[in-house]
Amino acid sequence: MANYTLNINGVQQEIDVDPSTPMLWVLRDHIKLVGTKYGCGIAQCGACTIHLGDDAVRSCQLTVSSVGEKPITTIEGLSENGDHPVQKAWLEEDVYQCGYCQAGQIMNASAFLKSNSNPTEAEIETAMNGNICRCGTYTRIKKAIMRAATSENA
Amino acid sequence: MTLVKTTYNRRSFLKGSTLAGGGMILGFSWLASCKPTPEQIKSMPKEWFDINGFLKIADNGMVTIMSPNPEIGQNVKTAMPMIIAEELDVDWDDVTVEQAALNTDIFTRQLAGGSQSIRQGWESLRMAGATARHMLIAAAAEAWQVPADEITTNEGILSHEASNKSANYGEMASAAGAMAVPEEVALKEVKDFKIIGTDRKNVDGLDIITGKPLFGLDIDEEGMLIAMIVHPPAFGMKYKSMDTESVKAMPGIKDVFPIEVYPEGVEKQWSDGGGIAELVAVVGASTWQCMQAKKALKVQWEEASKPESSSDHDAALTKLLNTTAAAPARQDGDVKKAFKNAAQVIERTYSAPFLAHNTMEPMNFFAHVTSEKAMLKGPVQTPEFLEKTLVSVLDMPLEKIDIMMTRMGGGFGRRLYGHFGVEAAVISKQMQAPIKLVYSREDDMTQGTYRPAYKITYKAGLDKEGNLIAWHVKGAGANDDLVFENRFPAGTVDNFLAEKYTLESNVTTGAWRAPRSNFIAGAEQSFIDEVAEAAGKDPIDFRLELFDRAINNPVGDPEKNDYDPKRYAGVLELVKEKSGWTNGGKARGVSAYYCHNSYVAQVLDLEMEGNTPRVQKVWCAVDCGIVVNPLSAKNQIEGGIIDGIGHATYSEMTFENGKPIQENFDTYQLIRQQQAPKEIESFFVDNGIDPTGLGEPSLPPIIGALANAMYKSTGKRYYNQPFISEKQVLG
């Protein structure tokens, strides 16, 4: 066990866990932020996507000991009231079915749009290919990302 | 005007009111999840009044509607309350929805399965809303001393024109709760619907996109421990022994022990499905610590039955298809003679592998079992049956067991089998502590309860004019006999023979979205395409000719034919029109299928990108009667189409000596964004018929449309799923 001070959603969090613990479980079991989801544990599904600095990362592969001072943003911290342009677009398109993968989809999409604010359909498909939606809401996810991109550029 | 008797639920309604004490003040969670704005504070309700088990109304006219059925992503949590709100006649903006707990005194069929929630809930939901409206009117009539039939309602407002009196529902709610439940109530005419048939967004949308704890895996209770299981590594194996010393000493680990989930003599329900009788439980302070302990734990297993490999399943299914049934499932005319006289005979065999459900949220359940009571909470499609099993396993009376459903991270049939709820209860009882059972992805994917592996052979005979004169279908599946003998094309062809066989397998199987249909439709609709081509006919015209026969001069007892040929033909004609159907050069396929009481026809355009199909567009025509919420109905259709394309193209579970080869998403391929169709357009037949299923029907036929379009592009027919596999690439 070891002590870590983490910057999560702008708040300093003190935790005492094994250094090998993935951020996914630090967030879910210790910080009690459960918006970040467990799907596969091997970086194949994207349900656990968070932001480390500006980058979308798979929190199931990010050990707590490797975070350092970089700020972490989770779905709970993406916006104050669910009004990030990507979240708003998700609401507009009524994207979700079961909803389980959507936090990961939104975190990946919001990081992607930060790096490419005017993407083509093909670029969206490539960027989002690591996030599985078992319900098959892919066409709505793509529409929502295009909507968010348009609204941000407006 | 439609009048319905309320008797069916009268006792329940009364009991519901009595339980709540009628007009008592109830706690509320309305807007608890976000900071209210000043206007919202002004309109915050002070008191809630229970009208019946389905709904309560606040003093300010706000309405809380309980959604009775489990929510697995099929969006009944929005649709079912919409039906109640319609008959109650309120403004949808004034409605808050809550998930109801299991309560068999008030609700009937709290089950998510068979695409039946809306169809089977339709009448009772309308009745619940209409009855409450009736009681509000009765309360106003008494308060105003005017005849009840002179009082009208409009979006939560009661009015009496003659006396110029009006009140909102909130003002009458307290008195309404004490009114007598009417013997019968009038329901709205379809043409008067204001909420049903309109686009309404998912009631959990904001909670989903902000990461609120909605799912079973998100449960966190005071003093809760995490539990995980270790199950046998292969089908045919069972628990023997283990050494727990070193693992128990690992950080955070509280205990490691074998559990008997289903001891001898326990009364199981169908919903216990492929639940494994004996497992190993690892209990600890956190999920990661349990995962580490699981990895370190050495368990000895022993053989319980002969281990099976995928090659064994394939050979055994083929063997079954080469036998002849003593008693066919259905026989019309004389197929033997007809095949002899046929100008052309076509015979093809189709196959599909086992599939895992792979809900994105792995199996999990919370349980707190004490000597006094059992409190369970989690994602399950069949809470009523889970409760029954718990009565036997825990040896506890039904009244002492409470089950609450959480939103589910996918169902697809997997959570019909609530053995994980039983496991959680058994572990909690042993630990004498609240526990949350969590399956790893690997535990989930290798547990079993799979879509069965299937094989089917179709044989068709055509006369010189290209008319279908004989049809012979022989199907077999693992633990499932596959064939629906009275579905299309039964009734459309004079000489018809259906045979079905079951392969007994120790690989456990269960219902997987659109059971049987998820394979049959693809096979049958591909075969029809090949037969139509042999007949020199357009594939849509060929099908329509068959439906004409079933409409005008059906073969056999028309009562026995399990479909309505007019509605079947109707969706084909609609998709033909909407897609601008031509059977020309395009890589385009068509398919139509009936299941879960609904009719679907699809046209699909694709381009092959190397070896892989990329669907450019799908046109989908659906007849599911009245569409409650078109916005989410289309979402279901799109999801079913993508689900069908994905699994038929890419997915399989295979076995080597009983051991599942695929354990996680690195080896089990699910469809991803780059492989999804670029566009899907859905159309509904508007016929005012009571609603039927929609969670499943769009999946089965798309596999046929895909295979037929791939044939157009590659010149190759696709008989074996997954269409794109390593096997296929290597030829």
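In this text the structure is predicted, and so the values were computed from the model without any measurement.

Definitions and limits used
- Residues numbered from 1 in each chain as written.
- Chains lettered and ligands numbered in written order.
- Predicted model: local features only at pLDDT ≥ 70, side-chain atom pairs only at ≥ 80, totals over all residues.
- Heavy atoms only, no water.
- Buried < 20%, exposed > 50% of the residue type's maximum accessible area, 1.4 Å probe, protein only.
- Helix = DSSP H or I, 4+ residues; strand = E, 2+ residues; numbered from the N terminus.
- Contact = heavy atoms within 4.5 Å.
- Domains from an automatic or database assignment.
- Buried area = accessible area lost by both parts, 1.4 Å probe.
- Polar contact = N/O pair within 3.5 Å; in protein donor to acceptor, adjacent residues only side chain to side chain.
- Salt bridge = Lys/Arg side-chain N within 4 Å of Asp/Glu carboxyl O.
- Nonpolar A, V, L, I, M, F, W, Y, C, P; charged D, E, K, R; others polar.
- Pairing = 2+ DSSP bridges.
- Axes fitted to C-alpha atoms, helices over the stretch in contact; angles between N-to-C directions.
- pLDDT = per-residue confidence, 0-100.

Draft legend 1. Geometry of helix α1 (residues 23–31) of chain A. Burial analysis of α1 of chain A places eight of its nine residues in the buried class, which makes it a mostly covered element. Those residues of α1 of chain A that are buried are in contact with β1 (2–8), β2 (11–17), β3 (49–52) and β5 (72–73) of chain A together with α8 (287–296) of chain B. In the segment just after α1 of chain A, Lys32 of chain A is the residue with positive phi, at about 65 degrees.

Draft legend 2. Inspection of the domain arrangement of chain B at higher detail. Residue and element names in this part refer to chain B. Entries for chain B in the domain assignment read domain 1 (2–209), domain 2 (216–305 + 363–438) and domain 3 (324–355 + 450–729). The centre of domain 1, based on its C-alpha atoms, is set 41 Å off from the matching centre of domain 3. Between domain 1 and domain 3, a total of about 1400 Å² is buried, with carbon and sulfur atoms accounting for 58% of that surface. Considering only the side of domain 1, the residues that lose the most area to domain 3 are Ser115, Arg119 and Trp122, jointly responsible for 35% of the buried surface there. At the boundary of domain 1 and domain 3, one finds eleven residue pairs in polar contact (both at pLDDT 80 or more).

Draft legend 3. Quick look at the interface of chain B and chain A. Listed by partner, the interface residues are 59 residues for chain B and 51 residues for chain A. Summed over both sides, the interface between chain B and chain A buries roughly 4800 Å², with carbon and sulfur atoms accounting for 55% of that surface. Its largest share of buried area at the contact with chain A, chain B owes to Ile209, Met360 and Gln673 of chain B, together 18% of the area lost on that side. The interface formed by chain B and chain A includes seven salt bridges. Of the charged contacts, one joins Lys32 of chain A and Asp220 of chain B as a salt bridge, the two residues approaching to 3.3 Å between their closest N and O atoms. Linking chain B to chain A there are 30 residue pairs in polar contact (both at pLDDT 80 or more). Elements supplying a minimum of two residues to the side of chain B that touches chain A: α6 (205–209), α8, α13 (441–446) and α17 (630–650) of chain B. Sorting elements by how many residues they give to the side of chain B that touches chain A places α17 of chain B first, with nine residues. Of the residues that constitute the side of chain B that touches chain A, the class distribution is 22 nonpolar, 21 polar and 16 charged.

Draft legend 4. Just the sheet that holds strand β5 (residues 95–99) of chain B, in detail. All names here are of chain B. The mixed open sheet is built from four strands, whose spatial order is β2-β3-β4-β5. Of all strands in the sheet, those with a lone pairing partner are β2 (48–52) and β5, marking the two edges. Mean inter-strand twist for the sheet, computed between neighbouring axes without regard to direction, equals 25 degrees. In this structure, strand β3 (residues 55–58) lies alongside strand β4 (residues 63–67), joined through three bridges in antiparallel fashion. Bridging across to β4, Lys56 finds its partner in Thr64.

Draft legend 5. How the structure looks around the pairing of strand β20 (residues 435–438) of chain B. Residue and element names in this part refer to chain B. Burial of the side chains of β20 extends over both faces: Ile435 and Leu437 are buried on one face and Lys436 and Val438 on the other. Pairing of strand β10 (residues 225–230) with β20, which is carried by three bridges, proceeds in the parallel orientation. Bridge pairing in β20 links Ala227 to Leu437. Here strand β17 (residues 364–369) runs beside β20; their pairing, made up of four bridges, is antiparallel. Directly across from Asn364, in β20, lies its bridge partner Val438.

Draft legend 6. Inspection of the confidence of the model for chain B at higher detail. Per-residue pLDDT for chain B has a mean of 92; in total, 93% of the residues score no lower than 70. In the model, residues 7–36 of chain B has pLDDT below 50 throughout and makes 54 contacts with residues more than four positions away in sequence or in other chains.

Draft legend 7. Geometry of unusual backbone geometry. Cis peptide bonds are those with omega within 30 degrees of zero, and the linkage from Phe488 of chain B to Pro489 of chain B qualifies with 5 degrees. Here Pro489 of chain B shows up in the loop between β22 (468–478) and β23 (495–503). The step from Gln721 of chain B to Pro722 of chain B runs through a cis peptide bond, and the omega angle for that step is -5 degrees. Counting through the fold element by element, Pro722 of chain B comes out in the loop between α18 (699–714) and α19 (726–729). You will see that Ala43 of chain A, though not glycine, has its phi angle at about 60 degrees, which is positive. Inspection of the secondary structure assignment puts Ala43 of chain A in the loop between α1 and β3. Residue Ala43 of chain A is classed as partly exposed on the basis of its relative accessible area, which comes to 31%. Although it is not a glycine, Asp94 of chain A adopts a positive phi angle of roughly 50 degrees. In this fold, Asp94 of chain A is placed in the loop between α2 (85–93) and α3 (102–115).

Draft legend 8. Representation of the sheet that holds strand β6 (residues 151–154) of chain B. All names here are of chain B. Strand order in this open sheet of three strands is β6-β7-β8, and the pairing throughout is antiparallel. Where the open sheet ends on each side, the last strands, each with one partner, are β6 and β8 (165–168). If you compare each strand with its neighbour and ignore which way they point, the axes differ by 20 degrees on average. Bridging between β6 and strand β7 (residues 157–160) involves four bridges; their strand directions are antiparallel. Looking across to β7, one finds that Thr153 is bridged to Leu158. Its contacts with the sheet put helix α5 (residues 169–176) on β6, β7 and β8, and the angle it makes with β8 is roughly 80 degrees.

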